[in-house]
Amino acid sequence: MKTAQQYKDSLRERNVRVYIKGELQDPKTLIDHPFVKGHVASAAMTYALANSKDYEGLCTATSHLTGHKINRFTHIHQSVDDLLIKIKMLRMISQKTGTCYQRCVGFDALNATYSVTYEIDQKYGTDYHGRFKKFLTYVQDNDLMLAGAMTDVKGDRSLRPGQQKDPDLFVHVVEKRDDGVVIRGCKAHMTGMVNSHEMLIMPTMGMKPGEEEYAICCALPTDAPGVTHIFGRQTNDDRKCGGDIDQGNAQFGIVGGECLTVLDNVFVPWERVFMCGEIELSGMLVDRFACYHRSNYGACKGGVSDVVIGAAALMADYSGYGKASHIKDKLNEMIHMNETIYACSLACSCQGTCTAAGSYYVDPLLANVCKHNVTKIIYDIDRLAQDIAGGIIATMPSEEDLRNPEIGGYVEKYLRGVESIPTEDRMRVARLVENMTGGTALAESMHGAGSPQAQKVMYAKLSGLEEKKKFAARIAGIRGSEE
Ligand SMILES: Cc1cc2nc3c(=O)[nH]c(=O)nc-3n(C[C@H](O)[C@H](O)[C@H](O)COP(=O)(O)OP(=O)(O)OC[C@H]3O[C@@H](n4cnc5c(N)ncnc54)[C@H](O)[C@@H]3O)c2cc1C
């Protein structure tokens, strides 16, 4: 396994092409850029903890392919226990970073591709699963970080991929050669991509006859020729270029450092292609990835919300109203909601089942319920955090004002809460609440792993509404409905 330092060093060795605010970055120093370094530190935590004796078994696993000890983020779930351990690990890491550490997307993509390649081979006699296992062994042995690249830019949402005026709005195969394929298009919202070694590309939705060129799953180094990453802006990101207080979470940043990844005629050798035109199973790959990913959200957002709840409680203590009954009541409400989403993550993992490939898969209906709850509950938790923290989170002067020799004394004097707490500490926690409950952080809970409607579509598929009608008809005594 790599150490956190080896992970960071390995990122400098890539010849990755990244633009930030219109400027091409030097690949050697990209990870020191103020917009990027927090996300790198957060991802590095997944390496650091796996190397700590305290987290042995939680952040490590034994490879079912090689028997080697590996970082759990490269593991294929071998049991319900593995699914549960993942959930516990995600919550624990979020409690330490207070933000996304980006590595679960690639983890979920590996698990989805593992089981689906097996099923494609069963149906078509292809050899994708064998290829994929070789790639997986390489990932495990080198402890690589992968971006999970599913979401296409999609252009006009009312049109299918083949109906778009520009065929590149969904990633597709533009040429098949003896030695591999050439792909073109663009993936959007790519979490952790600029600080990953590899990306695992998957179709964005189930494809239909005539859309075979869009049913592509393959792996690419993030610095492959023809790949350009355009880093996304975040709420308040210019604050990263100054001091640390105003950033809220200066050490680890907010969300996952997402980017737009352009694939401009990129060559992929056959040994890295894991689906190419098998439209019948493209929907299965999308569903498997989505459900693994949706199962995470009560765990990672649960850990993040542990920090939000703690920050709100600290603000109350620092401001002198920590013992007020309505504050205690609101904190309890936040705890109730947070444990509810965590329970959903545990539930869909407890109900996991074995796939044809022998790996374990979460209960898909409960995984969707989990993520759907997160699209609402996190907003409610954050609303209460903002209520408790007070208007100061929206109007507070800057760190520069606090440090200014002329006016710093005023800030120090007039922003103090209870006498025993330094003003700077109160300002730090206020900024943490502001940053964790605002813009970019909240949007991830809504759209990450799919917008709410994507979960509702799954209820229609998975919930057995017709059977529920029969239950009701029988109990109502409708003639002909008897068992
Ligand atoms: C912080 C963050 C991190 C992310 N990380 C990753 C990642 O690492 N990897 C990855 O693959 N993806 C990632 N995503 C992408 C995420 O899965 C998508 O945001 C999500 O699937 C929604 O797609 P979209 O953003 O293109 O929204 P849109 O498709 O534009 O949807 C916007 C709204 O329109 C509705 N809508 C869309 N199409 C239709 C239609 N045809 N008919 C009716 N209504 C429609 C949706 O339900 C939604 O309400 C991330 C997203 C965020 C916000």
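Going by the structure above, here's the rest.
Residues numbered from 1 in each chain as written. Predicted model: local features only at pLDDT ≥ 70, side-chain atom pairs only at ≥ 80, totals over all residues. Heavy atoms only, no water.

### Observations concerning a nonpolar patch on the surface
Residues Ile407, Tyr410 and Tyr414 make up a contiguous nonpolar surface patch of roughly 360 Å² in combined accessible area. Relative to the helices and strands, Tyr410 resides in helix α11 (residues 408-414). Given a relative accessible area of 55%, Tyr410 falls into the exposed group. (Patch = residues over 30% accessible without salt bridge, like charges linked within 9 Å, V, L, I, M, F, W, Y side chains within 5 Å. Areas by Shrake-Rupley, 256 points an atom, 1.4 Å probe, with all protein chains shown as cover. Salt bridge = Lys/Arg side-chain N within 4 Å of Asp/Glu carboxyl O. Helix = DSSP H or I, 4+ residues; strand = E, 2+ residues; numbered from the N terminus. Buried < 20%, exposed > 50% of the residue type's maximum accessible area, 1.4 Å probe, protein only.)

### Remarks on the sheet that holds strand β5 (residues 146-149)
Ordered by their spatial adjacency, four strands build an open sheet running β5-β8-β9-β12, and the pairing between neighbours is mixed. Every interior strand has two partners, whereas the edge strands, β5 and β12 (273-276), have only one. For this sheet the average axis-to-axis angle between neighbouring strands, irrespective of direction, equals 20°. Against the sheet, helix α4 (residues 103-124) contacts β5, β8 (198-201), β9 (216-221) and β12, and its axis sits at roughly 65° relative to β5. Contacts from helix α5 (residues 128-142) reach β5, β8, β9 and β12, with the element oriented near 145° to β12. (Pairing = 2+ DSSP bridges. Axes fitted to C-alpha atoms, helices over the stretch in contact; angles between N-to-C directions. Contact = heavy atoms within 4.5 Å.)

### Observations concerning the layout of surface pockets
Of the volumes computed, that of the second largest pocket is approximately 190 Å³. The wall of the second largest pocket is formed by Asp244, Ile245, Gly248, Ala250, Val307, Gly310, Ala311, Leu314, Asp425, Arg428, Val429 and Leu432. Sorting the residues of the lining of the second largest pocket by element identifies α6 (282-319) and α12 (423-436) as the ones contributing at least two each. (1 Å grid on protein atoms, 1.4 Å probe; cavity = no way out; pocket = protein on both sides within 12 Å on 5 of 7 lines; lining within 4 Å. Points joined across faces, edges and corners; volume = space filled by probe spheres on them.)

### Observations concerning the pattern of salt bridges
Applying the stated criterion across every chain, the model contains 30 salt bridges. Residues Glu339 and Arg91 are paired through a salt bridge, measuring 2.8 Å at the closest nitrogen-oxygen approach. Placement of Glu339 in helix α7 (residues 325-350) and of Arg91 in helix α3 (residues 80-97) is noted, with a sequence separation of 248 residues between them. Look at Glu339 and you get partly exposed, because its relative accessible area is 34%.

### What about the site of the ligand?
With respect to spatial proximity, 19 residues lie near the ligand, and among them Gly148, Met150, Thr151, Lys154 and Thr191 are the closest. Interatomic distance of 2.8 Å between a backbone N/O atom of Met150 and an oxygen atom of the ligand. For the ligand, whose accessible area on its own is 960 Å², the fraction buried by protein is 65%. When residues of the shell around the ligand are traced back to their parent elements, those giving at least two are β5 and α13 (439-447). Class assignment of the residues belonging to the shell around the ligand gives a composition of six nonpolar, nine polar and four charged. (Near = heavy atom within 4 Å. Polar contact = N/O pair within 3.5 Å; in protein donor to acceptor, adjacent residues only side chain to side chain. Nonpolar A, V, L, I, M, F, W, Y, C, P; charged D, E, K, R; others polar.)

### Here's the deal with the side chain of Arg103
Topologically, Arg103 is positioned in helix α4. When its relative accessible area of 2% is taken as the criterion, Arg103 is described as buried. Polar contacts involving the side chain of Arg103 include one to the side chain of Thr46, which spans 3.1 Å. In contact with Arg103, not counting residues within four places along its chain, are Thr46, Tyr47, Asn71, Phe73, Thr74, Asp143, Leu144 and Met145.

### Quick notes on the sheet that holds strand β10 (residues 227-231)
Pairing in this open sheet of six strands is mixed, and the strands run β2-β1-β10-β11-β7-β6 from one edge to the other. In the strand order of this sheet, the two ends are held by β2 (23-24) and β6 (172-176), each with one partner. Pairing between strand β1 (residues 18-20) and β10: two bridges, direction parallel. Its bridge partner lying in β10, Tyr19 is registered against Ile230.

### Thoughts on the packing of aromatic side chains
Taken as a whole and assessed by the stated rule, the structure comprises nine aromatic pairs. Between Phe135 and Tyr138, the ring centres sit 6.4 Å apart and the planes meet at 45°, which makes this aromatic pair tilted. Of this pair, Phe135 and Tyr138 both sit in helix α5, separated by three residues, roughly a single helical turn. Under the relative-accessibility criterion, Tyr138 is labelled partly exposed at 38%. Measuring from centroid to centroid gives 5.7 Å for Phe135 and Phe274, while their planes differ by 40°, and the two rings are tilted. With Phe135 in helix α5 and Phe274 in strand β12, this residue pair connects regions lying 139 residues apart in the sequence. The exposure class assigned to Phe135 is buried, which follows from its relative accessible area of 4%. Assessed through its relative accessible area of 0%, Phe274 is described here as buried. Joined through ring pairs, the aromatic side chains of Phe132, Phe135, Tyr138 and Phe274 make up one cluster. (Phe/Tyr/Trp six-rings, centres within 6.5 Å; stacked < 30°, edge-to-face > 60°.)

### Re the state of the cysteines
Applying the stated criterion across every chain, the model contains zero disulfides. Cys291 carries a free sulfur, and the closest cysteine sulfur to it, the one in Cys348, is 8.8 Å from it. Exposure remark for Cys291: the relative accessible area of 0% places this residue in the buried category. Distance from the sulfur of Cys300, which forms no disulfide, to the nearest cysteine sulfur (Cys104) is 5.8 Å. (Disulfide = S-S within 2.5 Å.)

The values are spatial; any link to function lies outside them.
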